[in-house]
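What follows is the residue order along each chain.
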Amino acid sequence: MLFPTLDFALFFVIVFLVAWELRRDMDARKLVLVFASYFFYGYWDWRFTLLLAGSSLLNYAAGRVIGGLNDGVTRKWVLGIAIALNLAVLGFFKYYGFFLDSLADILTAWGIERDLPFLEVILPVGISFFTFQGISYLVDVYRRHVDASRSLLDIFLYISFFPQLVAGPIVRAAHFLPQLERKPHVSRRMASLAVVLILVGLFKKMVIANYLATEVVDHVFFDPTAFGGGDLLLGVYAYAVQIYCDFSAYSDIAIGVAALLGYRFPRNFDHPYRSSSLQEFWRRWHISLSTWLRDYLYIPLGGSRGSTFKTYRNLFLTMFLGGIWHGAAWTFVFWGAFHGAMLGVERALTKRWEELNKDTNGYGGGAVAFFLGVGRGIQNSFATVLGIILTFHLVCFAWIFFRAPTFSGAWDYVIGIFDWSQPAQFATPFIVGLVGLSLAGQFLPSNWASGAGRLLQRAPWPVLGLMLGFGILAIEAMAPEGVAPFIYFQF
């Protein structure tokens, strides 16, 4: 069941009406939302609802045990075992085939033929997201950032809540569980912002992302050797826009749907393509995942508290494992490793620039530093623009490996960008304009959606409902035929 479909619209209307009818009976309301979430998840394959329930039971039981223990060693052992069980389930479903295929390739290269136990394993939708939510809950209980929940129903709802179940954002227990302890409330401001987010999300997914996917991206990545450098360069720009619009659209709709049910979710994207450094990019892109990796991986590894080498090692390992989290393929391994290496390089250069600026303070300051390298960083407008352009193209280079079906296909794509012997086929005014305007939208004020919501908050409830309905119909009329699954469903 996809957000931009009639099936979901009917499903949500029913859930919305029943949930608000039961707003005074909180347990009954939670039970309805759990049932709705399991129906939503089981719409793809009912068997995976058992996996979802097992994850909820595991994390509830482990949380209660950890929360009830005082001995530090025992608490750590229970936490480690529970995290290992979570990761074992994730690893089996997500990486079993990848590791066996890689092992078979290695054995074949060595001239060894073995019959390996290959199984047809179907990847459950959203398993990475609800597994990470479960792990974050356990770690927060262990750190005493949140009390272990005594309510099994609350944990079931926290793990399975349908708006963000299959593609995030990854919601922390400390943010969501307290909301389940009080009666839900939707202010006019929340409702108007929800309408804006849902409509913007639908437009980004159904119009921008789908047009770019069907008209350009799918063609050039299917066989990059059939196209010239112009089409391939346009294709990677189009994919940068597509994946942003596709993924941020899901987050926008999820946040809007949750708000209409009375729950607040954190922001997950903040105009990432206007970042002037990779570090800033990761503060703006998929914020719930990047902060998860920071808090539950980078900091436990030691963060930046140790030597310079250990800091760079921790950066690299965090992004490397983040790449593996995205998918079981060497393209994702390279994507994560590239970002990890570039973050280390960027950190080293930034440190060197700061030293140069100190050394040149007595010789004209910023002007001399500029001719030595890159100026005085973000304090210099030219350096900021240069940083945005460079960061965007580094991200786009990595997107090639993220999108390409194989590692060799990614390299064919990279090499093909430099071959301009063929005329461009896809550089129509519509496609170029769509890409250009979408990228220009990255420089809108960060709070523009909140501002639009404030303009609508005086509107009566029936007017907001009509706006949402007519907006959906208008977007449906503009969108290309068919609805492609959200990109992040595969993760």
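Residues numbered from 1 in each chain as written. Predicted model: local features only at pLDDT ≥ 70, side-chain atom pairs only at ≥ 80, totals over all residues. Heavy atoms only, no water.

Caption draft 1: Structural view of the confidence of the model for the protein. Mean pLDDT over the protein: 86, with 88% of residues reaching 70 or higher. In this model residues 362-378 is a low-confidence stretch, pLDDT under 50, and it forms 23 contacts with partners more than four residues away in sequence or in other chains. (pLDDT = per-residue confidence, 0-100. Contact = heavy atoms within 4.5 Å.)

Caption draft 2: Structural context of the environment of Tyr43. Structurally, Tyr43 can be placed in the loop between α2 (26-42) and α3 (48-68). Sequence separation between Tyr43 and Leu2 is 41 residues, and the spatial gap between their C-alpha atoms is 9.9 Å. One polar contact links Tyr43 to Asp7, side chain to side chain, over a distance of 3.0 Å. (Helix = DSSP H or I, 4+ residues; strand = E, 2+ residues; numbered from the N terminus. Polar contact = N/O pair within 3.5 Å; in protein donor to acceptor, adjacent residues only side chain to side chain.)

Caption draft 3: Molecular detail of the packing of helix α5 (residues 127-142) against helix α11 (residues 287-301). At a minimum axis separation of 12 Å, α5 and α11 run at an interaxial angle of 40°. Considered as vectors, α5 and α11 are oriented oblique to each other. Judged by the sense of rotation from one axis to the other, the crossing of α5 with α11 is left-handed. Judged by residue contacts, Phe132, Ile135, Ser136, Val139 and Asp140 of α5 engage Leu289, Trp292 and Tyr296 from α11. Of the residues that constitute the contact of α5 with α11, the class distribution is 6 nonpolar, 1 polar and 1 charged. (Axes fitted to C-alpha atoms, helices over the stretch in contact; angles between N-to-C directions. Parallel < 35°, antiparallel > 145°, perpendicular 65-115°, else oblique. Left-handed = near helix turned anticlockwise from the far one by under 90°. Nonpolar A, V, L, I, M, F, W, Y, C, P; charged D, E, K, R; others polar.)

Caption draft 4: View of helix α16 (residues 407-416). Taken residue by residue, α16 has Gly409, Ala410, Tyr413, Val414 and Gly416 as its buried positions. Take α16 and look down its axis: the buried residues cluster within an arc of 165°, on one side only. Among the structural elements, α8 (188-222), α9 (229-260) and α15 (381-403) are those in contact with the buried residues of α16. (Buried < 20%, exposed > 50% of the residue type's maximum accessible area, 1.4 Å probe, protein only. Arc of directions from axis to C-beta.)

Caption draft 5: Main features of the nonpolar core. One finds Phe161, Phe162, Phe176, Tyr273, Trp285, Trp399 and Ile400 to be the most contacted residues of the largest nonpolar core, which totals 142 residues. The greatest single-element share of this core, amounting to 20 residues, is contributed by α9. When sequence neighbours within four positions are dropped, the list of residues in contact with Phe176 reads Leu157, Tyr158, Phe161, Val171, Tyr263 and Phe265. (Core = buried A, V, L, I, M, F, W, Y, C linked by side-chain atoms within 4.5 Å.)

Caption draft 6: Highlighting α15. Given a rise of 1.5 Å per residue, 23 residues ought to cover 33 Å, and the 33 Å separating the end C-alpha atoms of α15 matches this to within 8%. The complete set of buried residues in α15 reads Ala383, Gly387, Ile388, Thr391, Phe392, Val395, Cys396, Ala398, Trp399, Ile400, Phe401 and Phe402. (Expected span 1.5 Å × (residues − 1).)

Caption draft 7: The side chain of Ser149, seen in detail. Within the secondary structure layout, Ser149 lies in the loop between α5 and α6 (152-160). Judged by its relative accessible area of 9%, Ser149 is buried. If we ignore the near neighbours within four places in the chain, the residues touching Ser149 are Tyr60, Arg64, Tyr137, Asp154, Ile155 and Leu177.

Caption draft 8: Layout of the packing of aromatic side chains. By the definition in use, this model includes 59 aromatic pairs. When the centroid spacing of 5.1 Å and the interplanar angle of 80° are considered together, the rings of Trp399 and Phe402 count as edge-to-face. Of the two residues, Trp399 and Phe402 are both situated in helix α15; the distance of 3 residues between them amounts to about one turn of the helix. Just as Trp399 is buried, Phe402 falls in that class too. The ring of Trp20 carries Arg29 above its face, with NZ or CZ at 4.8 Å from the centroid. (Phe/Tyr/Trp six-rings, centres within 6.5 Å; stacked < 30°, edge-to-face > 60°. Lys NZ or Arg CZ within 6 Å of the ring centre and 35° of its normal.)

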